[in-house]
Amino acid sequence: MVERDIVTHRSARHALAVLRYALGLTFLWAFFDKLLALGYSTGVNSETGAVDRFGPDAWVNGGSPTFGFLNFGVSEDNALHGFFTSIAGTAWADWLFMIGLLGIGLALTLGIGMRLAALTGAVLYLLMWVASMPIENNPVLDDHLIGAITVVVLALTLAGDTWGLGARWGRTDLVRRLPILR
């Protein structure tokens, strides 16, 4: 089965491909911003607003990609506050987070491994959604939950086939033997 079997309208396939690229590049941007402290989310002094690109907040310079959000971004009203703050800045959490950002970003951008990207992306988004509780603007929905739904829809519609390597990837012997890699 290929994307045309599921999404029959060409414009809809193109829209899904654009959405896939946008989401993939969002994950890749988050990875590189955390890796290098490019000054958009990472490397900005919260008190002064001063930007220190490639500074000590960069993961490559010993900064932690999980410490700030999990330590300061999780509300004390969150039932799992203690859990999230306990893993903030741990090496295993930093590595899993960064591998996840890079892997999901590459998979979505290239259109390969969409099922794994959907699974891991949805888990990552759901964890960030739980960490964001209680949500300020809506009792249930926020951008993390919408992101989780989106990555699943992209995988289910084989959105990696249009303007991506998904169809070619799907024909490989490896993917035929292990369909989860599709």
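The text that follows walks through the structure, step by step, so that each part is easy to find. Just so it is clear, the structure is predicted and the values come from calculations on it, not from any experiment.

## A few points about the overall build of the protein
Looking only at helices and strands, the protein features 9 helices and 0 strands. Its helices and strands taken in sequence order, the protein reads α-α-α-α-α-α-α-α-α from the N to the C terminus. Projected onto the principal axes, the alpha-carbon positions of the protein cover approximately 50 × 35 × 30 Å. Expressed as a percentage of its 182 residues, the buried residues of the protein come to 42%. Put simply, of all contacts in the protein between residues at least 6 apart along the chain, 58% involve residues at least 24 apart. A total accessible area of about 10400 Å² is found for the protein, and carbon and sulfur atoms account for 65% of it.

## Looking at the side chain of lysine 34
Relative to the helices and strands, lysine 34 is located in helix α2 (residues 10–36). Sequence-distant contacts of lysine 34, that is, excluding residues within four places in its chain, are made with Ser41, Thr42, Asp57, Ala58, Trp59, Pro65, Phe97 and Met98.

## A short note on helix α5 (residues 91–110)
Here α5 contains 20 residues, and its C-alpha end-to-end distance of 28 Å stays within 8% of the 28 Å for a straight helix at 1.5 Å per residue. Taken from the residues just after α5, glycine 111 is the one with a positive phi, measuring 85°.

## Points about the nonpolar core
With 25 residues, the main nonpolar core has Phe27 and Leu108 as its most contacted residues. Of all elements in the fold, only α2, α5, α6 (114–131) and α7 (143–156) reach the threshold of two or more residues within this core.

## Side note on α2
Relative to the 39 Å expected for 27 residues at 1.5 Å per residue, α2 spans 38 Å between its end C-alpha atoms, a close match to the ideal helical length. Among the residues of α2, those classed as buried are Arg13, Leu16, Ala17, Arg20, Leu23, Gly24, Phe27, Leu28, Phe31, Asp33, Lys34 and Leu35. Structurally, α2 contributes buried residues whose contacts are with α1 (3–6), α5, α6 and α7.

## Quick word on the environment of glycine 63
Of note, glycine 63 is situated in the loop between α2 and α3 (67–73). Glycine 63 sits in the buried class, given a relative accessible area of 10%. When residues no more than four places from it in sequence are discounted, the contact partners of glycine 63 are Pro56, Asp57 and Ala58.

## Observations concerning the pattern of salt bridges
Taken as a whole, this structure holds 1 salt bridge when the rule is applied. Between arginine 182 and aspartate 161 there is a salt bridge; the shortest N-O distance is 2.9 Å. Here aspartate 161 lies in the loop between α7 and α8 (166–170) and arginine 182 lies in the segment after α9 (173–177), a separation of 21 residues in the sequence.

## Thoughts on unusual backbone geometry
Following methionine 133, the chain continues to proline 134 via a peptide bond in cis, the omega torsion being -10°. Mapped onto the fold, proline 134 is located in the loop between α6 and α7. Although it is not a glycine, tryptophan 163 sits at a positive phi angle of roughly 60°. With respect to the secondary-structure elements, tryptophan 163 resides in the loop between α7 and α8.

Definitions and limits used
- Residues numbered from 1 in each chain as written.
- Predicted model: local features only at pLDDT ≥ 70, side-chain atom pairs only at ≥ 80, totals over all residues.
- Heavy atoms only, no water.
- Helix = DSSP H or I, 4+ residues; strand = E, 2+ residues; numbered from the N terminus.
- Buried < 20%, exposed > 50% of the residue type's maximum accessible area, 1.4 Å probe, protein only.
- Contact = heavy atoms within 4.5 Å.
- Areas by Shrake-Rupley, 256 points an atom, 1.4 Å probe, with all protein chains shown as cover.
- Expected span 1.5 Å × (residues − 1).
- Core = buried A, V, L, I, M, F, W, Y, C linked by side-chain atoms within 4.5 Å.
- Salt bridge = Lys/Arg side-chain N within 4 Å of Asp/Glu carboxyl O.

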